[in-house]
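Tertiary structure, described
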Amino acid sequence: MNNIIQIVGGNSDIAFSTSKIFAKNGYDIHLVSKNFKNLRIKKDKLENNFNIQCKITELDIENENDVKFFFEKEKDHVSIVLMAVGYLEKEEKNYDKIINLNHKSLIFYIEKAIQRYSNHENFKTIIGISSVAADRKDDKKNIYSSSKADFTNYLNRLRIRLHEKKIDVMIIKPGYVKTKMTTGLNLPSFLVSTPDTVGKIIYNSFKNNKEDVYAPGYWRYIMLLYRNIPQFIFKLFLIFKR
Ligand SMILES: NC(=O)c1ccc[n+]([C@@H]2O[C@H](COP(=O)([O-])OP(=O)(O)OC[C@H]3O[C@@H](n4cnc5c(N)ncnc54)[C@H](OP(=O)(O)O)[C@@H]3O)[C@@H](O)[C@H]2O)c1
């Protein structure tokens, strides 16, 4: 029997690219997401192209009762849970939704997954897709960025909590990626990667037991510089922009 990776937000472009690489390397895939029609299309593509099984589950992770019910019924022994759900608004208005889909609902899901899977010997890894936005301290996408920072914080502490159980926690921080999330945003094209590039980085980092991963790796240095800019510079920048 193959190992199973469960990918939550399985319709995400980055998630689908990641699922193709895991499938190519012999993993069975369980895609969990909201849009069932799109999940079916992805299942067919994965099963037609790779010699694996793909299970799909329609689930809105904001609905805590549905998440509880899903885990009550869940019988599989999964090896990896990858959280790819994320939500961004150009003009931030739906604060609850942004906080839920980048932080609160993900934590609820992960905690249920730990309760359900952590006694299984083959449950080894939780992968959370955060963002370089978690490192920001300017005014851009304030609620999205701070939710990603909160999610990253949670994963960092979870890593210590699960250490004795020998469950690894990987944090992925992608930079700009060309997906449906970033459609219509004005991004510097030389810094935009493809979902396939990020998917490969996630798989290779998993194989090499990496814990904190920037995708692509050059974002580590960009964000290192960025984090060291004193905040008053951002305030000055705002005055010049007026
Ligand atoms: N794209 C970037 O530049 C970028 C950069 C840094 C970090 N990230 C992060 O990378 C991850 C993947 O991003 P992406 O660009 O691939 O995004 P995407 O293509 O927009 O996919 C996000 C997915 O989340 C799923 N989702 C939303 N609400 C849900 C809910 N209530 N329950 C279950 N699933 C739900 C959606 O699934 P359905 O289609 O089924 O509704 C959607 O396909 C996100 O966490 C994002 O924040 C992206």
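These lines cover the structure that appears in this document, whether it is placed above or below. Per chain, the residues get numbers from 1 upward, laid out in the order the sequence is written. Reporting in this predicted model follows two pLDDT cut-offs: at least 70 for local features of residues, and 80 or more for side-chain atom pairs to be given and counted; totals over whole chains, interfaces and linings ignore these cut-offs and use all residues. The side-chain values count all of the structure's non-hydrogen atoms but skip hydrogen atoms and water molecules.

**Looking at the side chain of S147**
Looking at the element boundaries, S147 is found in helix α5 (residues 142-161). Should any heavy atoms of two residues lie within 4.5 Å, those residues are counted as being in contact. Ignoring any residue separated from it by four or fewer positions in sequence, one finds S147 in contact with I98, I99, N102 and H103. By the criteria applied, helices consist of DSSP H or I runs no shorter than four residues and strands consist of E runs no shorter than two, each listed in order from the N terminus.

**Observations concerning the site of the ligand**
Nearness of a residue to a molecule or strand requires only that one of the residue's heavy atoms be within 4 Å of it. Taken together, 27 residues lie around the ligand, and N35, D60, Y144, V177 and T179 are the ones closest in. Side-chain atoms alone can form a polar contact between residues adjacent in sequence; in general such a contact is a pair of N or O atoms within 3.5 Å, and within protein one must be able to donate a hydrogen while the other accepts it. At a separation of 2.8 Å, an oxygen atom of the ligand approaches a polar side-chain atom of N11. The side chain of Y144 places a nitrogen or oxygen atom 2.7 Å from an oxygen atom of the ligand. Each residue gets one label: Ala, Val, Leu, Ile, Met, Phe, Trp, Tyr, Cys and Pro are nonpolar, Asp, Glu, Lys and Arg are charged, and the others, such as Gly, are polar. Per-class residue counts for the shell around the ligand are twelve nonpolar, ten polar and five charged.

**Section: the packing of helix α1 (residues 13-24) against helix α6 (residues 195-207)**
For helices, the axis comes from a line fit to the C-alpha atoms of the stretch in contact; other axes are also lines fit to C-alpha atoms, and the angle between any two N-to-C directions lies between 0 and 180 degrees. Two elements in contact, α1 and α6, have axes separated by 8 Å at closest approach and are oriented at 50°. When the interaxial angle is binned, α1 and α6 end up oblique. Read as a crossing pair, α1 and α6 show a hand that is right-handed. Across the interface between the two elements, D13, I14, S17, T18, K20, I21 and F22 from α1 touch P195, D196, V198, G199, K200, I202, Y203 and F206 from α6. Each angle is binned into one of four classes, with values under 35 degrees roughly parallel, values over 145 roughly antiparallel, values of 65 to 115 roughly perpendicular, and all other values oblique. A crossing counts as left-handed when the near helix is turned anticlockwise from the far one by less than a right angle, and as right-handed when that turn is clockwise.

**Topic: the nonpolar core**
Put simply, a nonpolar core is a bunch of buried Ala, Val, Leu, Ile, Met, Phe, Trp, Tyr and Cys residues held in one set by side-chain atoms that sit within 4.5 Å of each other. Partly exposed describes any residue whose relative accessible area lies between the buried limit of under 20% and the exposed limit of over 50%, with all areas from a 1.4 Å probe on protein chains only and scaled to the type maximum. In this structure, I61, V81, Y109, I110 and L158 are the most contacted members of the largest nonpolar core, which totals 37 residues. Per-element accounting of this core gives the leading share, ten residues, to helix α4 (residues 95-117). If we ignore the near neighbours within four places in the chain, the residues touching V81 are Q6, V8, Y109, A113, Y117, F123, T125, I126 and I127. Judged by nonpolar contacts, the second largest core, of 31 residues, contains L31, L82, A84 and M170.

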